[in-house]
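Take a look at the letters that make up each chain.
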Amino acid sequence: MRCLSVLLSLVGLIIACQSSDPTPVDLRVRIDSISRRVETLRHQTFRQPVQGRYLARSDLLRIYDSVSFEEPDPADSAWDSMLWSLGFVDSTGALDNAADSVDASSILAFYSRGVLWVVDDMRDSTDLDVTIAHELVHALQDQRWDLAKLYRNHRGLDGRLSLQYLLEGEARLVETLYAHHLADSNQALRLFPQLPLEQFRDSLRQGDGLDPEMITLPTFHPYEQGARALAWRWAKGGWASVDEWFRNVPPTTCFLHPETVCPKVVSLELSELATLPLGWHPLREGMVGEHYLDILFSLWRSSNQWIPAGSIQSGALLAEHWQDPGPDGAVNGWRGDRFGVWGDRFGNLALVWRTSWCDTIAAERFLQAYQRILVKKLREDRIVDRKAGMGLYHDPQAGVWDRIERFGAEVWIAEGMPTQKPFAFHSSNPSFKLDPPAAASRHGS
């Protein structure tokens, strides 16, 4: 009787476990089989089985949004102002009707919060097993590192994008190992050639896949280039080297240049540059990072498509002979940046931006390239003073000043400064204070 009692208890326990996991039987078998392969490839063990669900494609976006790891950023109320101030859009609200380049019709499955969701019309797809392998890597990441915590701890432009390189890069790498039956890091590395943004951008243009660039490039580039960066680290230092980046997520520059030493980001204080007058309040502060800087230069290469001929008051600068390094070249040597966007009660915006570079050559190259963006996006600016390493511009209609200046390997940028006198940085004592705002300052619209 005692043996029978123990057996019945075990049966009851198994039934209870099964009832707590509503994963369909066929999907349970599929997930378990692929999980074992993923564990072997990644040299890590799942702490608990991953549950699975089927969902109708008509419910895909609703369920995806409801279980997403990404939480609202308290600073998102200043999103448009930030994008306009930095030059990612030519007017506020420009992205309101922009098409999302992610094609929901191509999604087979996704993972979030302990559950692997499979679109029911894809259950017979020949690509489903590879997709499940990819999503199971995200499940393993979640169990090891807590994805919700990673998303909370990495906000902002560069922080969130670096996380995408890490998460999607590892999933893409293991997915590729699974699909090609590989276990050797050097063989895997050969499948992921170096993919500069300029090259990737060109391939997307050919496939009509840039709508707009600042959505498309951060969405797709992290898969391939992230996989290469992590394959490189795996080949040189094993999976432990990959784990180091999960413990301390590096900036995007480390993913863009995995063969070089990952630089320590220079800490930059904006308080050393700016003190805004009473009535101005901070809207957003953060780091742009190399990837988004690259996109910024790419966007303005096509500015002749929307800027009317003859409308740039400082057009003489653009007519000067200049060796354009291209977007990738303009941002090569990035070591850190910090920006702050401020506003007043009238809707006027001011930008202060401090950037750091590996040497004076890289800093000067960035200055020359960004100066050409500055006069394009601030088309009413007149040249007041220009010399090596410095440009001062004035918008007489708005009554504001714009300045870009190099101090050694740093480049400082100030835009929309409502001072009565010509605006200047104080290099001996790097700080400035703005006069009370003029009545007709420049607006972010």
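Refer to the structure presented above.
In short, a report on the structure. Small disclaimer: the values here were computed from a predicted structure and weren't measured. (Residues numbered from 1 in each chain as written. Predicted model: local features only at pLDDT ≥ 70, side-chain atom pairs only at ≥ 80, totals over all residues. Heavy atoms only, no water.)

### Observations regarding the nonpolar core
Here is step 1: Of all hydrophobic cores here, the largest spans 99 residues; its most connected members are F88, W353 and Y370.
Here is step 2: In this structure W353 touches L86, L273, V288, L293, L296, D337, R338, F339, Y370, V411, W412 and I413, once residues within four positions along its chain are discounted.
Here is step 3: Judged by nonpolar contacts, the second largest core, of 16 residues, contains L273, L276, W280 and M417. (Core = buried A, V, L, I, M, F, W, Y, C linked by side-chain atoms within 4.5 Å. Buried < 20%, exposed > 50% of the residue type's maximum accessible area, 1.4 Å probe, protein only. Contact = heavy atoms within 4.5 Å.)

### What about the packing of aromatic side chains?
Here is step 1: Inspection of the entire model under this criterion finds 13 aromatic pairs.
Here is step 2: Summarising the aromatic geometry, the rings of F88 and Y292 are spaced 6.0 Å apart at their centres and angled 85° between planes, so their arrangement reads as edge-to-face. Remark: Y292 occurs in helix α12 (residues 289-301) and F88 occurs in the loop between α4 (79-86) and β2 (109-112); sequence separation between them is 204 residues. Accessibility classification places F88 together with Y292 in one group, the buried group.
Here is step 3: Taking 6.3 Å as the distance between ring centres and 15° as the angle between the ring planes, the aromatic pair formed by F110 and W117 counts as stacked.
Here is step 4: The ring of W232 is capped by K236, whose NZ or CZ atom sits 4.7 Å from the centre of that ring.
Here is step 5: Stacked on the ring of W322, the Lys or Arg R372 has its end atom at 4.4 Å from the ring centre. (Phe/Tyr/Trp six-rings, centres within 6.5 Å; stacked < 30°, edge-to-face > 60°. Helix = DSSP H or I, 4+ residues; strand = E, 2+ residues; numbered from the N terminus. Lys NZ or Arg CZ within 6 Å of the ring centre and 35° of its normal.)

### Topic: the pairing of strand β9 (residues 390-395)
Here is step 1: The buried fraction of β9 amounts to six of the six residues, a majority that puts the element mostly inside the structure.
Here is step 2: By the alternation rule, side chains of β9 split into M390, L392 and H394 and G391, Y393 and D395, which are all buried.
Here is step 3: Once strand β8 (residues 382-387) ends, the chain turns through two residues before running back antiparallel as β9, passing G389 with a positive phi of about 80°.
Here is step 4: Taken together, the six bridges between β9 and strand β10 (residues 400-407) define a ladder with antiparallel strand orientation. Counted as the bridge partner of M390 is E405 from β10. (Pairing = 2+ DSSP bridges.)

### Re the side chain of R144
Here is step 1: Residue placement: R144 occurs in helix α5 (residues 128-145).
Here is step 2: Within the structure, R144 has its side chain in polar contact with the side chain of D243 (distance 3.2 Å).
Here is step 3: Aside from chain neighbours lying at most four places away, what touches R144 is R42, Q44, R47 and D243. (Polar contact = N/O pair within 3.5 Å; in protein donor to acceptor, adjacent residues only side chain to side chain.)

### Let's talk about unusual backbone geometry
Here is step 1: Phi is positive for R113, which is not a glycine, with a value near 50°.
Here is step 2: For R113, the location among the structural elements is in the loop between β2 and β3 (115-119).
Here is step 3: A relative accessible area of 42% means that R113 is categorised as partly exposed.
Here is step 4: Unusually for a residue other than glycine, D146 sits at a positive phi of about 65°.
Here is step 5: Following the sequence through the fold, D146 ends up in the loop between α5 and α6 (147-153).
Here is step 6: Its relative accessible area of 34% is what places D146 among the partly exposed residues.

### Overview of the state of the cysteines
Here is step 1: What the rule picks out here adds up to one disulfide.
Here is step 2: Disulfide pairing is shown between C254 and C262; the S-S distance is 1.9 Å. The sign of the 75° torsion about the S-S bond sets the C254-C262 disulfide as right-handed.
Here is step 3: What makes C254 buried here is its relative accessible area of 1%. (Disulfide = S-S within 2.5 Å.)

### Remarks on the pattern of salt bridges
Here is step 1: Counted by the stated rule, this structure contains 26 salt bridges.
Here is step 2: The residue E175 makes a salt bridge to R172 at a minimum N-O spacing of 3.2 Å. In this pair, E175 and R172 both sit in helix α7 (residues 157-180), three residues apart, roughly one turn of the helix.
Here is step 3: Residue E175 is classed as buried on the basis of its relative accessible area of 16%.
Here is step 4: When the shortest N-O distance is used, the salt bridge between E364 and R406 registers 2.8 Å. A residue pair is termed long-range when its members are at least 10 positions apart, and E364 in helix α15 (residues 360-377) and R406 in strand β10 qualify at 42 residues.
Here is step 5: On the basis of relative accessibility, which here comes to 27%, the residue R406 falls in the partly exposed class.
Here is step 6: A single network of salt bridges, built from pairs that share partners, joins E198, R201, D202, R205, E213, D294, R301 and D324. (Salt bridge = Lys/Arg side-chain N within 4 Å of Asp/Glu carboxyl O.)

### Quick look at the sheet that holds β8
Here is step 1: Pairing is antiparallel across the open sheet formed by seven strands, whose spatial order is β5-β6-β7-β11-β10-β9-β8. Both edges of this open sheet fall to β5 (280-286) and β8, since each of them pairs with a single strand only. On average, each strand axis in the sheet is inclined to that of its neighbour by 10°, with strand direction left out of account.
Here is step 2: Pairing of β5 with strand β6 (residues 334-344), which is carried by six bridges, proceeds in the antiparallel orientation. Bridge pairing links P282 to W342 in β6. (Axes fitted to C-alpha atoms, helices over the stretch in contact; angles between N-to-C directions.)

### Quick word on the sheet that holds strand β1 (residues 51-55)
By definition, the strands of a sheet pair up through backbone hydrogen bonds, in either a parallel or an antiparallel sense.
Here is step 1: The strand order across the open sheet built from three strands is β1-β3-β2, with neighbouring strands paired in mixed fashion. The open sheet has two free edges, formed respectively by β1 and β2, since each of these has just one partner strand. Neighbour to neighbour, the strand axes of the sheet diverge by 25° on average, direction disregarded.
Here is step 2: Sheet topology places β2 next to β3; four bridges connect them, and they run antiparallel. Directly across from A109, in β3, lies its bridge partner V118.

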